[in-house]
Amino acid sequence: MSSVSETGNSVNNPVIPGFHPDPSVCRVGADYYVACSSFEYFPGVPVFHSRDLVHWTQIGNALDRPSQLDLPRDSPSSGGIYAPTLRHHDGRFWLIVTNVSGDGNLLFSATDPAGPWSDPVRLPGVPGIDPDLAWDDEGNCWCTVAGVGQVRIDPHTGETFGPPRRIWSGTPGAKAPEAPHLYRIGEYWYLLIAEGGTERCHGVSIARGPSPTGPFEPCPDNPILSHRGTEHPIQNTGHGDLVQGPDGSWWMVLLGVRPRGGTPGWHVLGRETFLAPVDWVDGWPVVGELATDLPAPPWPLQPHAPVPRREDFDLGELAPRWISPRRRLPEDCTTKERPGWLTLRARGGSLDDADVTFVGRRQQHLSCRVRALADAAEGRGGLAVRLDEQHHYDLEMSSGEVRVRARIGPLSTVVASRPTPPGPVVLRIEVAAVRAVRDARTGPDTISLGIEEPDGTFVELASLDGRYLSTEVAGGFTGRVVGMYAASGSVHFDWLDYEPRDD
Ligand code: 6LW
């Protein structure tokens, strides 16, 4: 699913573009797997596979049935599922996450990371977010959480042994020591954390000790990675996890953002997954250049077939990239009612509601074109770019009319409208990243919304500043998702095209 393209001896970073934060990576032989946070979306926790650390294909979502993830209908955006750790131990895959809108820390296991994953094991004795799993040579399983606290657990039952114990507090004065990952590497146990908060001051620090419980000595060069206070095009870098490449070299997957425009810079795709090389000097990891243009690793790259541009809705099942806020009811989202079409039946009202019928995919490119053939003869709905309930631009069709509606915080307005001919209509949204920053107030991109004439001519209804659908305006932990929705009745979609248009 990655959009990586090779140019000479370099590959593009992010390796998993779009809203894919808090990556955790694990290697099993020649295969690599990454899991990411998913917050209020269902299915939850996207899982990716790679053989070269550069090209990643989504193979599923770990939490894909209500017995694993059943978010309250009114749970807030940027609630839900936080920060997975993915590990392989004793022939099984283990995944631990926090459901901040539900039962707290939860453990799942699987023999195949593509699924099915088990029902959750609850961990009532493990407080806090960002749980990690590490096993020592005696088979003890250590669960380490943000803070940084640690408790021994039985991963099969969720039982905890004793109260959590603080094992490190990160760099004195730095906020939010979080995202711990604990590893045995050579003679030491290493405790990798993020600190500084997940905004512009984010960074990665590390400590090491003789045992999984410490005592831990901080690296004298902490933070070992941060882009705080720099002009680097990748910002907010942190929340890393370490892995060895096929040749034994070391690498870090981590989150970062790509702000655009003037001041303060707006990022719209959420936090994305990047890859950075790691060296070891005097028993400490040294993170190499983290670039959008990454020197290609020395092993053979294994590009895969790109994700098809067109989603035809001809299959019974939706591909794993399609996500919905909070829940997806089969009767409200089906390819069975009108074969070859996706039918969405309105459950709530508009996209202002938490419990809306919406099916979308992450916007993964700074510039892209999204088109869908929609039939709204039996309802009202269309195509939208969504950050959360308070921040979305909608291209909404109902009998004989199409409207552009903008919801920005407490304000909601119909920006433009126009009659449409009878029958299905191609709805089109174009996102164009800013090329030149004319002054300090220039936004990150423009979002144009309109319809296509039968000959393909684009009739633009409105062109809106993209900053209002950015994390710097909306807040939270997610990124843009673009997709289809029904606000009343049923709306049918024959196909949706997602065309990357980055240079
Ligand atoms: C996550 C925390 C963080 O739990 O943001 O980037 C929180 N770091 O570690 C949500 O992703």
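Bear in mind that the values here come from a model prediction, so they are computed numbers and not experimental data.

Novice: What exactly am I supposed to notice about the overall build of the chain here?
Specialist: Of regular secondary structure, the chain possesses one helix and 39 strands. A globule of 503 residues ought to have a C-alpha radius of gyration of about 23 Å, and the chain, at 23 Å, matches this closely. For the chain, the C-alpha atoms occupy an extent of roughly 70 × 50 × 45 Å along the three principal directions. Counting the 503 residues in the chain, one finds 60% classified as buried. Nonlocal contacts in the chain, meaning residues at least 24 apart in sequence, comprise 58% of its contacts between residues at least 6 apart. Taken as a whole, the chain presents about 18700 Å² of accessible surface, with 51% of it coming from carbon and sulfur. Charge centroids of the chain, computed over 45 positive and 64 negative side chains, lie 4 Å from each other.

Novice: Just checking my understanding: could you explain the nonpolar core for this structure?
Specialist: For soluble globular proteins, the rule of thumb is that nonpolar side chains tend to be buried together. Leu427, Met484, Phe493 and Leu496 are the most contacted members of the largest nonpolar core, which has 40 residues in total. In contact with Met484, other than residues within four places in its own chain, are Phe313, Trp322, Leu342, Leu344, Thr357, Phe358, Val359, Gly382, Leu383, Phe493 and Leu496. Of all hydrophobic cores here, the second largest spans 20 residues; its members include Val204, Ile206, Met252 and Trp284.

Novice: How should I be thinking about the site of the ligand in this particular structure?
Specialist: Taken together, the neighbourhood of the ligand is formed by 13 residues, with Asp22, Asp130, Thr198, His239 and Arg271 sitting nearest. At a separation of 2.5 Å, an oxygen atom of the ligand approaches a polar side-chain atom of Asp22. Taking Glu178, its side chain carries an N or O atom lying 3.2 Å from a nitrogen atom of the ligand. Protein coverage of the free-state accessible area of the ligand, which is 290 Å², stands at 98%. Split into classes, the residues belonging to the shell around the ligand amount to six nonpolar, three polar and four charged.

Novice: Help me understand the sheet that holds strand β22 (residues 250-257) in this model?
Specialist: Strands belonging to one sheet form pairs held by backbone hydrogen bonds; the direction of such a pair is parallel or antiparallel. Read from one edge to the other, the open sheet built from four strands follows the order β21-β22-β23-β24, with strand pairing classed as antiparallel. The open sheet has two edge strands, β21 (235-244) and β24 (284-287), and neither has a second partner. The sheet shows a mean angle of 35° between the axes of neighbouring strands, taken without regard to direction.

Novice: What's the story with the packing of aromatic side chains in this structure? I'm lost.
Specialist: How two aromatic rings sit relative to each other is given by the distance of their centres and the angle of their planes. Summed over all chains, the structure comprises 13 aromatic pairs. On the numbers, 5.7 Å between centres and 75° between planes, the contact of Trp250 with Trp280 is edge-to-face. Of this pair, Trp250 sits in strand β22 while Trp280 sits in strand β23 (residues 272-281), and the two are 30 residues apart along the sequence. Three or more aromatic residues joined by ring pairs make a cluster, and in this case those are Phe19, Phe39, Tyr41, Tyr82 and Phe477. Above the ring of Phe161, the side-chain terminus of Arg152 is found at 4.2 Å from the ring centroid. Over the face of the ring belonging to Phe19 we find Arg362, whose NZ or CZ atom lies 4.8 Å from the ring centre.

Novice: For this particular structure, what's the right way to read the pairing of strand β31 (residues 368-375)?
Specialist: When a strand is regular, its side chains alternate between the sheet's two faces. With respect to burial, β31 is a largely interior element, eight of its eight residues being buried. Residues Cys368, Val370, Ala372 and Ala374 line one face of β31 and the alternating positions Arg369, Arg371, Leu373 and Asp375 line the opposite face, and both faces are buried. As judged from the eight bridges shared by β31 and strand β39 (residues 481-500), these two strands associate in the antiparallel manner. Within β39, the position partnered with Arg371 by the bridge is Asp497.

Novice: I tried to follow the pattern of salt bridges on my own but got confused; where do I start?
Specialist: Two side chains that carry opposite charge are able to pair once their charged atoms sit near each other. Following the criterion strictly, the structure yields 37 salt bridges and no others. Across the pair Arg87 and Asp241 runs a salt bridge whose closest N-O atoms are separated by 3.0 Å. Here the residue Arg87 occupies a position in strand β8 (residues 81-89), and Asp241 occupies one in strand β21, the gap between them amounting to 154 residues. Across the pair, Asp241 and Arg87 agree in class, each one buried. The salt bridge involving Glu499 is made with Arg501; its shortest N-O contact spans 3.2 Å. Each of Arg310, Arg369, Arg371, Arg428, Glu430, Glu452 and Asp497 takes part in salt bridges that share partners, so that together they form one network.

What counts as what
- Residues numbered from 1 in each chain as written.
- Predicted model: local features only at pLDDT ≥ 70, side-chain atom pairs only at ≥ 80, totals over all residues.
- Heavy atoms only, no water.
- Helix = DSSP H or I, 4+ residues; strand = E, 2+ residues; numbered from the N terminus.
- Rg over C-alpha atoms; globule rule 2.2 N^0.38 Å.
- Buried < 20%, exposed > 50% of the residue type's maximum accessible area, 1.4 Å probe, protein only.
- Contact = heavy atoms within 4.5 Å.
- Areas by Shrake-Rupley, 256 points an atom, 1.4 Å probe, with all protein chains shown as cover.
- Lys, Arg positive; Asp, Glu negative; His and termini not counted.
- Charge placed at Lys NZ, Arg CZ, Asp CG, Glu CD.
- Core = buried A, V, L, I, M, F, W, Y, C linked by side-chain atoms within 4.5 Å.
- Near = heavy atom within 4 Å.
- Polar contact = N/O pair within 3.5 Å; in protein donor to acceptor, adjacent residues only side chain to side chain.
- Nonpolar A, V, L, I, M, F, W, Y, C, P; charged D, E, K, R; others polar.
- Pairing = 2+ DSSP bridges.
- Axes fitted to C-alpha atoms, helices over the stretch in contact; angles between N-to-C directions.
- Phe/Tyr/Trp six-rings, centres within 6.5 Å; stacked < 30°, edge-to-face > 60°.
- Lys NZ or Arg CZ within 6 Å of the ring centre and 35° of its normal.
- Salt bridge = Lys/Arg side-chain N within 4 Å of Asp/Glu carboxyl O.

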